[in-house]
Number of protein chains: 2
Amino acid sequence: MGLSSLYLVNPKRFPDPQADWRAAGALDVVASAKVLDSLEDAIGDCGFVAGTSVRDRHIPWTVKSVEEFALDVVSMSEAAKPLAVLFGRENNGLSNDELAMCNLHVRIPSSDVYGSLNLAMAVQIVVYELFKARGNSEVKAGWDRRHATHSEIVAMYEHLDRVLNAIGFFDPSAPRTAYTRFQRMFGRIELDETEVQILRGMFTHIERAIAVPRD
Amino acid sequence: MGLSSLYLVNPKRFPDPQADWRAAGALDVVASAKVLDSLEDAIGDCGFVAGTSVRDRHIPWTVKSVEEFALDVVSMSEAAKPLAVLFGRENNGLSNDELAMCNLHVRIPSSDVYGSLNLAMAVQIVVYELFKARGNSEVKAGWDRRHATHSEIVAMYEHLDRVLNAIGFFDPSAPRTAYTRFQRMFGRIELDETEVQILRGMFTHIERAIAVPRD
């Protein structure tokens, strides 16, 4: 998610083959992680520290959702940086003293039934929101063909109409609601030029198969 | 994240003690997971199937970001439900045939350098966005005291002013920029009533300690 600066305070095991495996390719982030003896060493240089917290504290702190926090970070003055996001232990999170060192507590919205996330999951969501907030929320939706034009679609419908008549699909005494349903169906799939060509090719083959003279 | 219906198609190991441990309390979701032999059995009843995919396919599919998809789900007609989100294998994701069964491909925005996420991470982000989109994006930011009123703040500044004069903090010949900085400092933290009381208590103790007659 585009972050590279990982500080580990008194990790149980590090380096750890499991960490390498779970890095999913981002081995350089793991390899360049800094291991420190105290939290103060880790956040000492930071102009802003956000702590992740699940539960309300005895003395409530300023709390923001991870999404709000990520948007704040984007508009945050350079004077606040470097900025740290502090995650707690797998089993019991951050202590009250550690949370009191934070400017802000960040919370991940989650079900009232199971409020707690694994540490890795919490990290994933925070870095994902930070990545999105930096303007990366869109995915590139590529398409290999241009959309069919309105005229191409109309010509395709006319062709379809001829075929449906030729195969006796339309009941002359009934309203042509089926035709409208075809239009709705094709209309909402935003056909591309190749798809229209494929459909028209199919129509042509139907016409040939039933030996209807083409006009 | 409020989802409870988990289908596993040909899992390598299930039940698995690791799955229980990683469930972070949501054991009922794991316990009620349905294990199936084929993907068709898993998605057969679904009115909409979204597949998660990292890379572009040879024939591009409709692609949306997980955030767009989650918002779509909220406004989606009941006629589309039940809806499935399909995740692939840890190492190589969904096959082309599996992806072709999907109405839509969902993509998680991620760094160009490391586009691939662990399966668990991908699931976490998708269910998180679905949870947020159902109107759960806000975290309740509780506070245990009411904000101090403007009058209380002004009285506190007047008290501070007396104390700063009493301790000789202000240079009579210099402009009182320090005082303005105190105002800016306290102003931007939106003091609550207890914090104002604590500050004024401290001012009073300073006054007593230097034996200044109080007015």
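Before reading on, note that the structure itself is shown above.
What you see is a predicted model, and the numbers here were worked out from it, not measured in a lab.

S.K.: For this particular structure, what's the right way to read the overall build of chain A?
M.R.: If you tally the helices and strands in chain A, you get 9 helices and 6 strands. In terms of C-alpha radius of gyration, chain A reaches 30 Å, well past the compact-globule figure of 17 Å for 215 residues. Counting only C-alpha atoms and orienting by the principal axes, one finds that chain A spans roughly 85 × 35 × 35 Å. Considering only contacts within chain A whose residues lie at least 6 apart along the sequence, 78% involve residues at least 24 apart. Per element, the accessible surface of chain A, about 13,000 Å² overall, is 55% carbon and sulfur.

S.K.: Teacher, can you tell me more about helix α6 (residues 119–136) of chain A here?
M.R.: For the α-helix, the turn length of 3.6 residues means that residues three or four positions removed from each other point alike. When the terminal C-alpha atoms of α6(A) are compared, their 24 Å separation across 18 residues agrees well with the 26 Å that a helix rising 1.5 Å per residue should span. Listed in full, the buried residues belonging to α6(A) are Met121(A), Ala122(A), Gln124(A), Ile125(A), Val126(A), Val127(A), Tyr128(A), Glu129(A), Leu130(A), Phe131(A), Lys132(A) and Ala133(A). On the buried face of α6(A), the contacting elements are β3 (48–52), α4 (66–75) and β5 (83–86) of chain A together with α4 (66–75) and α6 (119–136) of chain B.

S.K.: Just checking my understanding: could you explain the nonpolar core for this structure?
M.R.: Taken as a class, soluble globular proteins show a tendency for nonpolar side chains to be buried jointly. Core analysis: the largest hydrophobic core is formed by 40 residues, its most contacted members being Phe69(A), Ile108(A), Phe69(B) and Ile108(B). Setting aside its immediate chain neighbours within four residues, Ile108(A) contacts Val66(A), Leu117(A), Ala122(A), Ile125(A), Val126(A), Met1(B) and Tyr128(B).

S.K.: Honestly, the packing of α4(A) against α6(A) in this entry has me stumped. Any pointers?
M.R.: Packed helix pairs are specified by the crossing angle of their axes together with the interaxial distance, meaning the distance between the axes. Residues and elements named next belong to chain A. With their axes 8 Å apart at the nearest point, α4 and α6 run at an angle of 45 degrees to one another. Accordingly, the angle class assigned to the pair α4 and α6 is oblique. In the packing of α4 onto α6, the handedness of the crossing is right-handed. Between α4 and α6, the residues in contact are Val 66, Glu 67, Phe 69, Ala 70, Leu 71, Val 73 and Val 74 and Ile 125, Val 126, Glu 129, Leu 130, Ala 133 and Arg 134, respectively.

Rules and cut-offs
Residues numbered from 1 in each chain as written. Chains lettered and ligands numbered in written order. Predicted model: local features only at pLDDT ≥ 70, side-chain atom pairs only at ≥ 80, totals over all residues. Heavy atoms only, no water. Helix = DSSP H or I, 4+ residues; strand = E, 2+ residues; numbered from the N terminus. Rg over C-alpha atoms; globule rule 2.2 N^0.38 Å. Contact = heavy atoms within 4.5 Å. Areas by Shrake-Rupley, 256 points an atom, 1.4 Å probe, with all protein chains shown as cover. Expected span 1.5 Å × (residues − 1). Buried < 20%, exposed > 50% of the residue type's maximum accessible area, 1.4 Å probe, protein only. Core = buried A, V, L, I, M, F, W, Y, C linked by side-chain atoms within 4.5 Å. Axes fitted to C-alpha atoms, helices over the stretch in contact; angles between N-to-C directions. Parallel < 35°, antiparallel > 145°, perpendicular 65-115°, else oblique. Left-handed = near helix turned anticlockwise from the far one by under 90°.

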